[in-house]
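One letter stands for each residue in the lines below.
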Amino acid sequence: MSDLFSAAAARVEAILPPDWEARAQALDIRHSWIVEAPAGSGKTGLLIQRFLKLLADESVDEPEQVLAITFTVKATHEMRERVLSQLEHARARTAVNAEFDRETRTLAEAVLQRDAQRGWGLLEHPRRLNIRTIDSVCGEIARTLPVLSGGGGRLAPVDDANAMYREAARQTMMLLGGMDAELNEALRTVLLHRDGSLTDCERLLIEMLPLRNQWGELVPLSGQ
């Protein structure tokens, strides 16, 4: 009998992906997780599963309570379309074969049940799926807290930030000779390496700012 159980377990493990335990952990909605994997490994599919599981949870009264954040508008549209596709296929009861797809189907069916109980109408009102860009979320927070955010007027993300990068670089170079001794020394060093050209140094700063996600962690915040 033990041999039969061992053989059955081996067949199950052969079907499951090698990282199935990590995937199962990521679907524990009572905890937060960081998922790191190469492109094409199924991160978005896993995120959709977690999003569906959260929607189906009994603690969620309205779908807007579940928020998914992306970096780009394109990614937002893609994720919403994929979530809706899963719900539509679940309602139509289309066939699924792969184990991962069957698990997603189970989660989608649970969402449809919750949808029916609460009268959400997600398929008729897809904008109720709270999938947004990080710019959109930050903008809403800033508008909600105008005094704390230091913002005024209407806030909106820009597609071309070059003008802002240029202004930031110019203001930084204007701090040369100021009271911040460490910054002053750093600017003097850059100038020495660029033959004293303020224009060249400004250009370098402008080119660095769009790539700050690559070097920002190496620069300590002021006062730290």
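Because the structure is predicted, anything quoted here is derived from the model rather than measured.

This part takes up the overall build of the protein. What the protein contains, in helices and strands, is eleven helices and two strands. Mapped from its N terminus to its C terminus, the protein presents α and β elements in the order α-α-α-β-α-α-β-α-α-α-α-α-α. When each of the 224 residues of the protein is scored for burial, the buried share is 25%. Accessible surface computed for the protein: about 16,100 Å², of which carbon and sulfur atoms make up 56%.

Take the pattern of salt bridges next. Side-chain pairing between opposite charges can occur once the charged atoms of the two side chains come close. With the rule as written, the count across this model stands at twelve salt bridges. Across the pair Arg 30 and Asp 57 runs a salt bridge, and its minimum N-O distance is 2.7 Å. Note that Arg 30 is positioned in the loop between helix H2 (20-26) and helix H3 (43-56) and Asp 57 in the loop between H3 and strand S1 (67-70), a separation of 27 residues in sequence. Among the residues examined, Arg 30 registers a relative accessible area of 57% and is labelled exposed. We note a salt bridge from Glu 207 to Arg 203, for which the minimum N-O separation is 2.9 Å.

Phe 51, Leu 52, Met 79, Val 83, Leu 87, Leu 129 and Ile 131 are the most contacted members of the largest nonpolar core, which totals 20 residues. Ranked by residues supplied to this core, first place goes to helix H4 (residues 73-92) with five residues. The residues touching Leu 52, leaving out its near neighbours within four places in the chain, are Val 83, Gln 86, Leu 87, Thr 104, Leu 107, Ala 108 and Val 111. Core analysis: the second largest hydrophobic core is formed by five residues, Ala 161, Tyr 165, Ala 169 and Ile 206 among them.

To continue, consider the packing of H3 against helix H5 (residues 99-118). Packed helices, taken two at a time, are described by their axes: the angle between them and the distance between them. Viewed as axis vectors pointing N to C, H3 and H5 meet at an angle of 30°, and their least axial separation amounts to 8 Å. Accordingly, the angle class assigned to the pair H3 and H5 is roughly parallel. As H3 packs across H5, the resulting crossing turns out to be left-handed. Residues Gly 45, Leu 46, Gln 49, Leu 52, Lys 53, Leu 55 and Ala 56 of H3 touch H5, and the partners they reach there are Phe 100, Glu 103, Thr 104, Leu 107, Ala 108, Ala 110, Val 111 and Arg 114. Its residues assigned to classes, the contact of H3 with H5 comprises nine nonpolar, three polar and three charged.

A separate point is the confidence of the model for the protein. Summary statistics for the protein give a mean pLDDT of 85 and a share of 87% for residues scoring 70 or more. Across residues 4-13, where pLDDT falls below 50, the model places zero contacts with residues more than four positions away in sequence or in other chains.

All right, on to the side chain of Gln 49 then. Turning to its location among the elements, Gln 49 is positioned in helix H3. With residues up to four places along the chain from it excluded, the contact list for Gln 49 reads Leu 27, Phe 100, Glu 103, Thr 104 and Leu 107.

Relative to each other, helix H8 (residues 162-173) and helix H10 (residues 198-208) sit at 130°, their axes nearing to 9 Å. It follows from the interaxial angle that H8 and H10 lie oblique. As H8 runs across H10, the sense of the crossing is right-handed. Contacts from Tyr 165, Arg 166, Ala 169, Arg 170, Thr 172 and Met 173 of H8 reach H10 at Leu 198, Cys 201, Glu 202, Leu 205 and Ile 206. Here the residues of the contact of H8 with H10 sort into seven nonpolar, one polar and three charged.

What counts, and where the lines are drawn
Residues numbered from 1 in each chain as written. Predicted model: local features only at pLDDT ≥ 70, side-chain atom pairs only at ≥ 80, totals over all residues. Heavy atoms only, no water. Helix = DSSP H or I, 4+ residues; strand = E, 2+ residues; numbered from the N terminus. Buried < 20%, exposed > 50% of the residue type's maximum accessible area, 1.4 Å probe, protein only. Areas by Shrake-Rupley, 256 points an atom, 1.4 Å probe, with all protein chains shown as cover. Salt bridge = Lys/Arg side-chain N within 4 Å of Asp/Glu carboxyl O. Core = buried A, V, L, I, M, F, W, Y, C linked by side-chain atoms within 4.5 Å. Contact = heavy atoms within 4.5 Å. Axes fitted to C-alpha atoms, helices over the stretch in contact; angles between N-to-C directions. Parallel < 35°, antiparallel > 145°, perpendicular 65-115°, else oblique. Left-handed = near helix turned anticlockwise from the far one by under 90°. Nonpolar A, V, L, I, M, F, W, Y, C, P; charged D, E, K, R; others polar. pLDDT = per-residue confidence, 0-100.

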